[in-house]
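Notes for the structure review
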Amino acid sequence: MDCEKILNLFRSELVVVNVGPKLFAEALEKQGYRTVQVDWKPIAGGDREMQAILDVLGGLD
Amino acid sequence: MTIEQKVNAANAQAADILTRARPVWTDVQPAIDVIPGMTKTTVLVPGPPLPVEQITPPIRTSICGAAVHEGLAKTKEEAWTMVERGEVSVEPAQNHQCGCAACMVVSASMPVMVAEDKVYGGKGYAPIHPGPNPKCLRWGFYDEDVERDLSWFRDHFGPALGRAVRKSGGIDLITVLAKTAGMGDENHNRQPAASMCLALQVIPWMLDDPDPQRDEMIRHFAANDRFFLHPMMAGVESITESIKKIPLSTVVAGMAGNGVEFGIQLAGTGNRWYTTKAPVIQGTFLNPSYTEADLLGYLGDSCVTEVYGLGGMSAIAGPAYLRMTGSTIAEARSRTEKARAVSLAEHTFAPIPWDDFRGFPVGLDARRVVGLNILPISHGGSALKKGGQGGAGAAELPVDCFKDALRAIHKDALAWAEQEG
């Protein structure tokens, strides 16, 4: 039964959830796949020093 | 109280001032009589401070022109020698609550508009917009014609404007913005509606002015559809004077470029500048032969209007400016949405009809700019390296000055926490 559920998932239309750079989603869309874009960026663009400072100063809620 | 709570409280206070303040244009007076710290040998310039040897050619011309205008030197060359020797003191205008747009500078005898915030008591200053003639000190030119214009402003136009605005009882700048909401001004680079609305309130008080050049002055005033920018800058300066006194606030209280560097000031650290390389304004060239190589980096204090939520912050309010500078309505909406994502408040006095009657976002929080990595946009006119206006458009504010500012507030916050135990 569980196995059938998984097979159904693979037989259904592929919808890709893309987190981060939109370029990957756009590439899949050009190949005919549907995508859902999650607008996410690492805090402070990934700058560790700024992340540490913002841990103290807050303000991102 | 945690550091975050302390910073949040400080920012709430700054946002409160920005949204509740009531800037009113009340007077025009010689700079030396009203601007704190002004002396006979001071020249106020746009942007963060820059070593003398790095000052750009158009600002250099404006400084030297101002020094000759004041009688401090006979020639521009002599004036520059005085600057190099420190005999003429060149200081950032915003450190004196004054805003100098583009290449404009302010010296002792120049008439400046005085704005007063009637709620919190601050005062701000700005020189008078020179009008549509491109050959002016405001764009880094100085010769006999420019000197004649400067003298006319000092001896006739400035005093007459002062008499008129005093007789009027003062021009409430919020009322001008409110009455012209939905008329297509973004109020940094496009303000024909606000300028006309303001002129309607001032010209009746000029009609019986005793100066024999009255008609010429009214003609000049009525023909300047950019006039409102400068009293608005004075108005913003009158407000930022109050927010620059709030320790640990990460709200932006000043910003400007000097052609080489772009800088911001935070409410929590007053007149301290945080600078990085100035972005170049992207948009339309006024002459098709110009290229980006002809342009200086962002130059001028006029982006204090963005500090108050105007210009690029509320780009959707002025779609025609986007069209003129080669952009789109979608981009206008995006600029305002970006500003909203990193701002703490919204003005209520000038709702934008085609943006669901939402107000201008105001109170840029450096924490959100850096943390969300969303860079607000400033509109602006671009200056040519040789002097003159090269074009108009917009620039993304550089993140590095926001990062530097956060380092400083973080240091102050840790010291505060230690003191609190």
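Nothing here was measured: the structure is a model prediction, and the numbers come from that model. (Residues numbered from 1 in each chain as written. Chains lettered and ligands numbered in written order. Predicted model: local features only at pLDDT ≥ 70, side-chain atom pairs only at ≥ 80, totals over all residues.)

Quick notes on the overall build of chain A
Helix and strand content of chain A: 3 helices and 2 strands. Along the chain direction, N to C, the helices and strands of chain A fall in the order α-β-α-β-α. Compactness check: chain A gives a C-alpha radius of gyration of 18 Å against a globular reference of 10 Å for 61 residues, more than 25% above the reference. Principal-axis analysis of the C-alpha atoms gives chain A an extent of 50 × 30 × 15 Å. (Helix = DSSP H or I, 4+ residues; strand = E, 2+ residues; numbered from the N terminus. Rg over C-alpha atoms; globule rule 2.2 N^0.38 Å.)

Examining the overall build of chain B
For chain B, the helix and strand inventory stands at 14 helices and 16 strands. If you line up chain B on its principal axes, its C-alpha atoms span 65 × 50 × 45 Å. A burial count over chain B gives 59% of its 421 residues as buried. Here the contacts in chain B between residues at least 6 apart in sequence split such that 73% fall between residues at least 24 apart. (Buried ≥ 20, exposed ≤ 12 C-beta atoms within 10 Å, placed from the backbone. Contact = placed C-beta atoms within 7 Å.)

Focus: the domain arrangement of chain B
Residue and element names in this part refer to chain B. Along its sequence, chain B is organised into domain 1 (20-232) and domain 2 (242-420). A straight line from the C-alpha centre of domain 1 to that of domain 2 covers 22 Å. Counting residues at the interface gives 40 residues for domain 1 and 46 residues for domain 2. The set of elements that each furnish at least two residues to the side of domain 1 that touches domain 2 consists of α3 (57-69), α6 (173-179) and α9 (229-243). Broken down by element, the residue count for the side of domain 1 that touches domain 2 peaks at 4 residues, all from α3. Split into classes, the residues belonging to the side of domain 1 that touches domain 2 amount to 22 nonpolar, 14 polar and 4 charged. (Domains from an automatic or database assignment. Nonpolar A, V, L, I, M, F, W, Y, C, P; charged D, E, K, R; others polar.)

Re the sheet that holds strand β5 (residues 111-117) of chain B
Residue and element names in this part refer to chain B. Judged by pairing direction, the sheet is antiparallel, and its 4 strands sit side by side in the order β6-β5-β1-β7 without closing on themselves. Looking at the sheet topology across the chains shown, the edges are occupied by β6 (123-127) and β7 (171-172). The strands touched by helix α5 (residues 144-168) within the sheet are β1 (23-30), β5 and β7, with β1 carrying the most contacts at an inclination of about 145 degrees. (Pairing = 2+ DSSP bridges. Axes fitted to C-alpha atoms, helices over the stretch in contact; angles between N-to-C directions.)

Some thoughts on the packing of helix α1 (residues 3-20) of chain B against α9(B)
Residues and elements named next belong to chain B. Orientation of α1 relative to α9, taken along the N-to-C sense of each, is 155 degrees, at an axis distance of 10 Å. With respect to α9, the element α1 is oriented roughly antiparallel. As α1 packs across α9, the resulting crossing turns out to be right-handed. Across the interface between the two elements, Ala14, Ile17 and Leu18 of α1 pack against Ile239, Ser242 and Ile243 of α9. When the residues that make up the contact of α1 with α9 are grouped by side-chain class, the tally is 5 nonpolar, 1 polar and no charged. (Parallel < 35°, antiparallel > 145°, perpendicular 65-115°, else oblique. Left-handed = near helix turned anticlockwise from the far one by under 90°.)

Looking at the pairing of β1(B)
Residues and elements named next belong to chain B. The buried fraction of β1 is high, at 6 of 8 residues. Judged from the 7 bridges that link them, β1 and β5 form a sheet pairing that is antiparallel. Bridge pairing links valine 28 to methionine 113 in β5. Pairing of β1 with β7, which is carried by 2 bridges, proceeds in the antiparallel orientation. Counted as the bridge partner of tryptophan 25 is isoleucine 171 from β7.

Some points on the interface of chain A and chain B
Opposite the 12 residues of chain A that make contact, chain B presents 18 residues. Looking at the side of chain A that touches chain B residue by residue, the class counts come to 8 nonpolar, 3 polar and 1 charged.

Examining the nonpolar core
Residue and element names in this part refer to chain B. Counting 142 residues, the largest nonpolar core has Leu18, Ile63, Val105, Val112, Met113 and Val251 as the members making the most contacts within it. A per-element tally of this core places α5 first, with 8 residues. Excluding anything up to four places from it in sequence, valine 251 contacts Asn11, Ala14, Ala15, Ile243, Leu266, Ala267, Leu344, Gly363, Leu364 and Asp365. (Core = buried A, V, L, I, M, F, W, Y, C linked by C-beta atoms within 7 Å.)

Thoughts on the packing of α3(B) against helix α4 (residues 76-84) of chain B
Residue and element names in this part refer to chain B. Look at α3 against α4: their axes get within 8 Å of each other, and the N-to-C directions meet at 100 degrees. In terms of their interaxial angle, α3 and α4 are classed as roughly perpendicular. Where α3 approaches α4, its residues Arg60, Thr61, Ile63, Cys64, Gly65, Ala67 and Val68 are matched on the opposing element by Lys76, Ala79, Trp80, Met82 and Val83. Classifying every residue of the contact of α3 with α4 gives 8 nonpolar, 2 polar and 2 charged.

Here's the deal with the sheet that holds strand β4 (residues 106-107) of chain B
Residues and elements named next belong to chain B. The strand order across the open sheet built from 3 strands is β3-β2-β4, with neighbouring strands paired in mixed fashion. With one partner strand each, in any of the chains shown, β3 (89-92) and β4 form the two edges of the open sheet. Where strand β2 (residues 42-45) meets β4, 2 bridges bridge the pair, whose relative direction is antiparallel. Residue pairing across strands places leucine 44 opposite valine 106, the latter belonging to β4. Strand contacts of α3: β2, β3 and β4, with the helix running at about 150 degrees to β2, the strand carrying the most contacts.

Regarding the confidence of the model for chain A
On average, residues of chain A score 90 in pLDDT, and 98% of them are at 70 or above. Considering each helix and strand of chain A separately, the mean pLDDT is smallest for helix α1 (residues 2-11) of chain A, with a value of 85, and largest for helix α3 (residues 48-57) of chain A, with 98. (pLDDT = per-residue confidence, 0-100.)

Here we look at unusual backbone geometry
Residue and element names in this part refer to chain B. The phi angle at glutamine 97 is positive, at roughly 60 degrees, despite the residue not being glycine. Within the secondary structure layout, glutamine 97 lies in the loop between β3 and β4. Looking at glutamine 97, the number of C-beta atoms within 10 Å reads 25, which means it is buried.

Details of the environment of Arg138(B)
Summarising the element assignment, Arg138(B) is placed in the loop between β6 and α5. Remark: the alpha-carbon pair of Arg138(B) and Cys103(B), spanning 35 residues in sequence, is separated by 4.7 Å.

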